[in-house]
Each structure stands twice: as structure tokens, then as C-alpha cells.
Amino acid sequence: MINADLLTNFPLSRRLNRREAIGLIEPENLPSLLDAAAARRDKVHGSYVSYSRKVFIPLTKLCRDVCHYCTFAQPPRKGQRAFLSREEVLAIAKAGKEAGCKEALFTLGDKPELRYPAARDELAQLGHKTTISYLAEMAALVLHETGLLPHVNPGLLTNDDLEALRGVSISQGIMLESASERLCAKGGAHHGSPDKLPAARLDTIKRAGEKAVPFTTGILIGIGETREERIDALLALRELNDLHGHLQEIIIQNFRPKPGTRMADTPAPELDDHLWTIAIARLLFEPQMNIQAPPNLSPGALSQLIGAGINDWGGVSPVTPDHVNPEAPWPHLEELGSATRDAGKKLVERLAVYPAFARDPIRWVDAALRFPLYNLVDADGWPRTDRWCPGRADHLPVADVALLGMRPVQASRGIQAVLDKADDGRLLNEADIVTLFRARDTDFAAVCRAADTLRRRVNGDVVSYVVTRNINYTNICYFKCQFCAFSKGKMSENLRGRPYDLELEEVAGRVREAWERGASEVCMQGGIHPSYTGERYLSLCRAVKEAVPSIHMHAFSPLEVFQGAKTLGVSLSEFLVRLKQAGLDTLPGTAAEILDDEVRRTLCADKLNTQEWLDVMRTAHGLGFRTTATIMFGHIDAYEHWARHLMRIRDLQAETGGFTEFVPLPFVHMEAPIYLKGRSRPGPTFREVILMHAVARLTLHPHITNIQTSWVKVGPEGVRHCLNAGVNDLGGTLMDESISRSAGASHGQEMTPQRMESIIVGAGRVPRLRTTTYGNASSQQRHRAHVAALPQPLWVLPPV
């Protein structure tokens, strides 16, 4: 026997081997085994236990197998249909949709047409030769008509079957149940069931991995197998997962005897036996594996199941019964949440496809299902919990707003450790930052509160803003950034509006008008016009300064600087010197999007890469320019990308000190090409938007001390909540904002100084009119800004 001391501080990098697992079979090892399994689970899965809100669709109860414990499979009955009709399937799915379900679980018998003429006849009437073919049609119907994501459990599958179902289902599954050939012999639970041969089921699981199908599997305990045979079954699954990485979860399901079956008198496994199997599975697999136990099969023992190392309850339906175990009703979700809390965990909803797979849809999800998936998930692959989107005049999510207003509570251990690290002034690493972005519920509130405490310590209660006018001098662009709805022309995505290219005298007129209306700054950016060279940017600088010498010119993204230098054949340094001599004062830190080339290769493939963006900023800072820094997030990115972006900004700031502020820009999806093509999420969630500001405050401290929010993206009410999550600046009044509006934003194109200050005062803060570089605006400037004339009509755009 292996000494249980093996389990003391069992390292995350280790997995039990067969000899070690067998050495832990004896009952006296159970306490140590449970402790090790729970600790291993906690280090990776933290304080959450997940479930999927599903609707159960039993497409057919005919089956060619005769498992001796099963009451789901039934023979044909005269006068009864063998298959649910299209109308019946859709009715069940719609009822699930109305109840908030996101998963449609299709369960059915295995290939009944090979055994029953009635099945073949009915399939023919339905226009199909096989059950799998009809299943594919019904899954597609549910997906397209309801938006529910189908998960299918159809039994043994060929390559063609797997491919057909991959195109209409988000995930698939088959229980291995057991690797014991004994159980298929006479007297065994699987005798007479050809589809239960372990080799055949393992072959289907292997094929699923080869086809990159997110897959669910597991074992059924208590049907005559030994503990050693359970270990062998789990190791067989581990071997396949090591090859393909496609197993989403391992289900440890306990047998329950059912009246009317051959195994009706077989005793169910003892609870300790179930707990032992859960714990050994947790230690046999990598710690990231999801280990599941169905809650309806162990009433009254849910805390013990959590204590054994599970992190998932599986699918739970508020609408339909468990047709496989009809004697065991699903627990009500409130009861399940309460039982989970009693065990020291929090219940969180997931989709049929687990977050790790949802975060990598190009690999794991068929193209036909990606857009439905994108619309349902946040950047970490978990379900969106509300319909709020940046730039849209939606009501703020009640639950998140309530969390922001709650009294302080203790954060979970993992979150608190990172917050303590930040409070001690230690630099946060990628894993720390990702941990903060994953904060939910009371942890979300704790992160925001920590950021706000830091803001108060650094900035006090003063909230600054600047009076500025945006001048987007052209929307013609030959780049094909997939998020951009602003650029127009033959080389752009050309989705809405007409192209324009302002003349220099028109730009000068807008500058004079901005000054007359109280602006201290003009912010100037535009598309990369195919006829522009660096000389055009120099001409724009001269036109601005000739029109109003005293106005601050904040202009040209790193992309424009990079292209300008390239077209003139000069170095970045030389071109920036020329821009400075021509009147450029500071640079906006746009065109950053996500500073990670893994994202940029899809989002903006022809744009400058991460290093080139950083090089432009480093060079500008070295010449005395101050710049802003931005992130445009919530499209095809993940929390790891956000973390790397923040770290790269922080590291450059530590080197140069040239950034004045950090500005999160939530992706506005409504008119963005990448969203309209079905290739992105509809922006970040409200929780993610608030967290971006909070986590930026904690990560960038003490190097960047000004965190700005975009009222155009989040709206006035969103601004108020950002002010409680580390924000101390509201940016510019803008006048004529057009880029977010082109993407579909509806929060207006101008915020007057009076309205800006009203929002700040309403949040209990003190307004401060500032300069571009965060100095105090002069009294004359403040007077001009507040008594300026009402907005004049926009210039009529000339033909190109």
C-alpha cells in the first residue's frame, strides 16, 4: 500500500500514476485523499462550482442496447411515436429558452434503426435514414430557432457522424462508464449491449479528439466494477486527453437501482465509495480538469461531493426532468446555490461548452456556431449575465450595480492575496492580473473597492476633464482593421456613411470654432489615406497653429506617425522632431487596440505590430512628447491578452515616464465589421468594463496615476460607477465625436462642461478643468469654456 504521506502537499504539476492510485484504494486513505483532492481543486478552480442551465430533449427512447440498469430505453409501443416530432422538439426548446436555459441537451438511444423496423419506418417518414441524421437536423433547428446551444449524447459515432454533429452542436459526449470487458460478458451490466464495449466507446472518444470536438465523458460506478477497474477507465480517458486535450469534464456518476430492471436489487454504491472515486479522479487528471457529479443523484450529500474535489454539477434543468433518472428530480437552483454556499463555494453558470474551450473557438467550435457562442460569452468564456453593451443606451445590470454599492466584505483567498500584493506595492504578474479580471460577485466588489481606495490615496476626490474638439480630418483609409466602422473608401470595409477628406482651410476653421467655444485642445486623428504622406501631417500641424497659435494640438496615433515617417523615408525620431517643430504638442495613444500580436493578427493584421507601437511611443517620450495610452477591448481577446497589454504599458512607463493617463475603450460592436461578420463578441460586459478601470488602477500604480473613462462608451450612468472603481478623469468634452458614433454608439457627440461637472458633483466628487497634460486650466480658460456659445451645426462635408 502507498503511504498516504504521498498526498501531503501533492504538487499541481504531478498526477498520480497507476501504482500510486491503486495504493490508495484502502478505506483508511480516504481522509487524506479527500483533503488532497479538495486542495488541488481549489488552487485552480477557486471558490466556484459551475453548472449549465439546460433543457433535456429525449429525441428517442428506442435503443439497440439492453443495459440492465436502464429505464430510459424502451421498446416500440403500438400507437406511440418512436421519435419526437420537429414541433415537439421545438416546443421543449422554446420552453427552456423562456426559462433562461442556454443548453439544449439531446439524449437518445443508440442506433435503434439497427434493431427495430419501427424506428427505420418512422425515420423514413421523417426523411432520414439514420437517427444521427435526424438528430443533426433537430440540433440545427433548435440552434437557429432558439439560440440554445445543443449538446448531443448519441452513442457510438463514426468520423462522418462526428463531423455532421460538430456543425450543429457546441459539444458532444459519451460516457465510457467502464473499461471492464467483464461487464459485457453474460451476467454483467452491459451484456447484450454492443455499444457498451469499452474499446468501441474509447474509439469514439479518440475520434472526437481527432476532430477537435469538445467532449464530455466519465464513468458509472457501482455496476459491478472494482476500484482498480475504475482507475484503469480513468487512465484510459487521461491517455486520450493527453493526446488531444478535448475532454471538457469527467463525470463520476453513481449507479442508482431502478425498479423493473435486472439490477433492481443491486445495492447503490456507498457515499464514501463515491467520494473516493471523485477524489482519485481529481488526482489522476491535471488540476484544470473539470470533475463533475450529478447533484440529483446524491440528495443530502452535496457538501461532501464538493469536499471530495468536484467543481461542477453538470446540467440542471428548471423545465424538464432527468429522463435517464426520472426518480431523481433536479434540485431547484436556489437550493443548489444554497448547498454550494454551505460548502464554502459559489454557484456560477456555464455553457454546455466549458470556458477554456469557449476561449479558443477557432480550434474547438465549428464556424457555424461561433457567432451564437460569441453573443453568449464574456472574454473568459463564461455566460454573459445581462444584455448591456458599450455604446448602447441599455439599462445598467442591476446585480452588478448592487454589488458596487454593497458594504465591504472579505474577498476570497485568491483575490485577497493579489490585492494584498498590490497594496504592498509589488508588481502584479500576468497570473495576478488575470485573477483580478476573473473576480465575480463579492470578489468583483472587493477589487473595485481596492482600486477606489488607491484612487482616493493618490488623487483625492478631484475628478478632472478637458474641453476639447475632435477633428477627424479624413475617414478614408486603406487599412482593414476589423473593428473599425469609421473608415471608408475602396480599400476599407466601407459599411456606412460616405467618405470625406477635409481641406486644410476647413480644418483651420474648425480649430478657430473650437477655440471660440472654449476648447483648449484639438484632438486630431484620421484614417490612413492612400495619398497621404508625412508631409500632409506636417501641413495639418501648421494649419492648426496658424489658425490658433495658443491651442494645444493633441494629434496623430502611433500608426499615423509610423506611416508618415515611412512615406518620407525618415526615421521615427526625425519625423517626430519635424512634427514638433510644426506645432504638434502631444500624441494620443490610440491604435494600441490590444498590445498582443496573437490578437492583432486577426483584429488588425495590416496595422503596426505590438513592438512597433511601443517603439513609436518610446521614441516620442524620448523626444519630450507626452502621450496617452489606451486599450480597446472586448472583441476576440481574453483576460491574458488584457494582462499582457497592461504590463507592456506599465513597463514602458517605468522606462520613460511619458504616459499622462490610461484610457480603457470598450469595443462598440453594433456597426463593427468583425461583429457584423459574426467573428467577435458584442463588446465587454459591464462587469468587465468596470474591472478594466479598477485593475488598470491597481496594475499601473505608481507609474500611471490617471485612469480615464470614456463617457461615449459607457454613458453618464456608467461613468458614475467607474468613478467608484479607480477612475479620476472623464477625458474630453469632445464636440463632434464621430468614431464611436460610426460604430453605433448612442451616448451623443458632445458633453458640455456644465454637464460634465454635474456628473462629477453628483458622484460626490470635486470637478477640475485641466489642460491636456493635467495642469490646472487658467481662470480665463475656465471662463471661456463655461460661457461659450451653444454648439453650431457640423460642417457640411464636401465631396471627395
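The following refers to the structure shown. Predicted model only: the values in this text are computed from it and were never measured.

### Brief notes about the overall build of the protein chain
Right, on to step 1. Check the secondary structure of the protein chain and you find 31 helices and 18 strands.
Right, on to step 2. Computed over C-alpha atoms, the radius of gyration of the protein chain comes to 30 Å, within 12% of the 28 Å expected from 2.2 N^0.38 for 800 residues, which places it in the range of a compact globule.
Right, on to step 3. For the protein chain, the proportion of contacts with a sequence separation of at least 24, taken over those separated by at least 6, is 77%.
Right, on to step 4. About 30,100 Å² of surface is accessible on the protein chain, with carbon and sulfur atoms providing 52% of the total.
Right, on to step 5. Where the 94 positive side-chain charges of the protein chain centre and where its 93 negative ones centre are 2 Å apart.

### Examining the pattern of salt bridges
Right, on to step 1. Applying the stated criterion across every chain yields a total of 56 salt bridges.
Right, on to step 2. For Asp-203, the salt bridge identified is with Lys-206, shortest N-O distance 4.0 Å. Taken together, the residues Asp-203 and Lys-206, both in helix α7 (residues 198–210) and three residues apart, mark about one turn of the helix.
Right, on to step 3. A residue is classified by how much of its surface remains accessible, and Asp-203, at 26% relative accessible area, is partly exposed.
Right, on to step 4. Lys-206 sits in the partly exposed class, given a relative accessible area of 28%.
Right, on to step 5. Between Glu-506 and Arg-510 there is a salt bridge; the shortest N-O distance is 3.9 Å. Of this pair, Glu-506 and Arg-510 both sit in helix α19 (residues 504–516), separated by four residues, roughly a single helical turn. The pair Glu-506 / Arg-510 is uniform in exposure class, with both members buried.
Right, on to step 6. Put simply, Glu-430, Asp-596, Glu-598, Arg-644 and Arg-648 are held in one network by salt bridges that share partners.

### A word on the pairing of strand β5 (residues 215–221)
Right, on to step 1. Along β5, seven of the seven residues are buried, which leaves the element largely enclosed by surrounding structure.
Right, on to step 2. Sheet topology note: the strand β4 (residues 171–173)/β5 ladder contains two bridges and is parallel. Looking at the pairing, Gly-173 lines up with Thr-216 of β5.
Right, on to step 3. With α7 bridging β4 and the parallel β5, this β-α-β connection has right-handed handedness.

### Remarks on the nonpolar core
Right, on to step 1. Ranked by internal contacts, the top residues of the largest apolar core, which has 128 residues, are Val-447, Met-524, Phe-556, Leu-579, Trp-613 and Phe-662.
Right, on to step 2. It is helix α27 (residues 686–700) that provides the largest number of residues to this core, a total of ten residues.
Right, on to step 3. Setting aside residues up to four positions removed in sequence, Phe-556 forms contacts with Tyr-473, Met-524, Gln-525, Tyr-537, Leu-540, Cys-541, Val-561, Leu-579, Leu-584, Leu-587 and Pro-588.
Right, on to step 4. Among the nonpolar cores identified, the runner-up in size contains 87 residues, and Leu-123, Ala-208, Val-213 and Trp-330 belong to it.

### Things to note about the packing of helix α30 (residues 753–762) against helix α31 (residues 779–787)
Right, on to step 1. One way to put it is that α30 packs onto α31 with a least axis distance of 8 Å and a crossing angle of 105°. It follows that α30 is roughly perpendicular to α31 by the angle criterion. Two secondary-structure elements touch here, α30 through Pro-753, Gln-754 and Glu-757 and α31 through Arg-782, Ala-785 and His-786.

### Details of the packing of aromatic side chains
Right, on to step 1. Under the criterion given, the structure shown has 14 aromatic pairs.
Right, on to step 2. Measuring from ring centre to ring centre gives 5.9 Å for Phe-83 and Tyr-134, while their planes differ by 85°; the resulting arrangement is edge-to-face. With a gap of 51 residues between them, Phe-83 in the loop between β1 (48–60) and α3 (86–98) and Tyr-134 in helix α5 (residues 131–146) connect regions that are remote in the sequence.
Right, on to step 3. With a relative accessible area of 0%, Tyr-134 lands in the buried category.
Right, on to step 4. Here the aromatic rings of Phe-437 and Trp-642 are separated by 5.0 Å at their centres, their planes lie at 85°, and the arrangement is edge-to-face.

### Quick notes on unusual backbone geometry
Right, on to step 1. Along the chain, His-701 connects to Pro-702 via a cis peptide bond; the corresponding omega equals 0°.
Right, on to step 2. Its identity is not glycine, yet Glu-177 carries a phi of approximately 70°, on the positive side.
Right, on to step 3. With respect to the secondary-structure elements, Glu-177 resides in the loop between β4 and α7.

### Looking at the side chain of Thr-660
Right, on to step 1. Structurally, Thr-660 can be placed in strand β16 (residues 659–666).
Right, on to step 2. Contacts of Thr-660, omitting those with residues within four sequence positions, involve Arg-626, Thr-627, Thr-628, Asn-706, Thr-773 and Tyr-774.

### Some words on the pairing of strand β12 (residues 521–525)
Right, on to step 1. Counting buried positions along β12 gives five out of five residues, so the element sits mostly inside the fold.
Right, on to step 2. Across five bridges, strand β11 (residues 468–472) lies against β12 in parallel orientation. The residue of β12 that forms the bridge with Arg-469 is Val-522.
Right, on to step 3. The pairing of β12 with strand β13 (residues 552–555) spans four bridges and is parallel. Paired with Met-524 across the strands is Ala-555, a residue of β13.

### Things to note about the state of the cysteines
Right, on to step 1. Tallying each qualifying case throughout the model produces zero disulfides.
Right, on to step 2. For Cys-541, which is in no disulfide, the shortest distance to another cysteine sulfur is to Cys-523 and amounts to 13 Å.

### Focus: the packing of helix α16 (residues 413–423) against helix α18 (residues 441–459)
Right, on to step 1. Look at α16 against α18: their axes get within 10 Å of each other, and the N-to-C directions meet at 10°. Between α16 and α18, the interaxial angle falls into the category roughly parallel. Residues Ile-415, Leu-419 and Asp-423 of α16 pack against Asp-443, Ala-446, Val-447, Ala-450 and Arg-457 of α18.

### A word on α18
Right, on to step 1. The end-to-end C-alpha distance of α18, which contains 19 residues, comes to 27 Å, matching closely the 27 Å that a straight helix rising 1.5 Å per residue would cover.
Right, on to step 2. All buried positions along α18 are accounted for by Asp-443, Phe-444, Ala-445, Ala-446, Val-447, Cys-448, Ala-451, Asp-452, Leu-454, Arg-455 and Asn-459.
Right, on to step 3. Looking one or two residues past α18, Gly-460 carries a phi angle of roughly 70°, positive in sign.

The rules behind the values
- Residues numbered from 1 in each chain as written.
- Predicted model: local features only at pLDDT ≥ 70, side-chain atom pairs only at ≥ 80, totals over all residues.
- Heavy atoms only, no water.
- Helix = DSSP H or I, 4+ residues; strand = E, 2+ residues; numbered from the N terminus.
- Rg over C-alpha atoms; globule rule 2.2 N^0.38 Å.
- Contact = heavy atoms within 4.5 Å.
- Areas by Shrake-Rupley, 256 points an atom, 1.4 Å probe, with all protein chains shown as cover.
- Lys, Arg positive; Asp, Glu negative; His and termini not counted.
- Charge placed at Lys NZ, Arg CZ, Asp CG, Glu CD.
- Salt bridge = Lys/Arg side-chain N within 4 Å of Asp/Glu carboxyl O.
- Buried < 20%, exposed > 50% of the residue type's maximum accessible area, 1.4 Å probe, protein only.
- Pairing = 2+ DSSP bridges.
- Right-handed = clockwise from strand over helix to strand, strands pointing away.
- Core = buried A, V, L, I, M, F, W, Y, C linked by side-chain atoms within 4.5 Å.
- Axes fitted to C-alpha atoms, helices over the stretch in contact; angles between N-to-C directions.
- Parallel < 35°, antiparallel > 145°, perpendicular 65-115°, else oblique.
- Phe/Tyr/Trp six-rings, centres within 6.5 Å; stacked < 30°, edge-to-face > 60°.
- Disulfide = S-S within 2.5 Å.
- Expected span 1.5 Å × (residues − 1).

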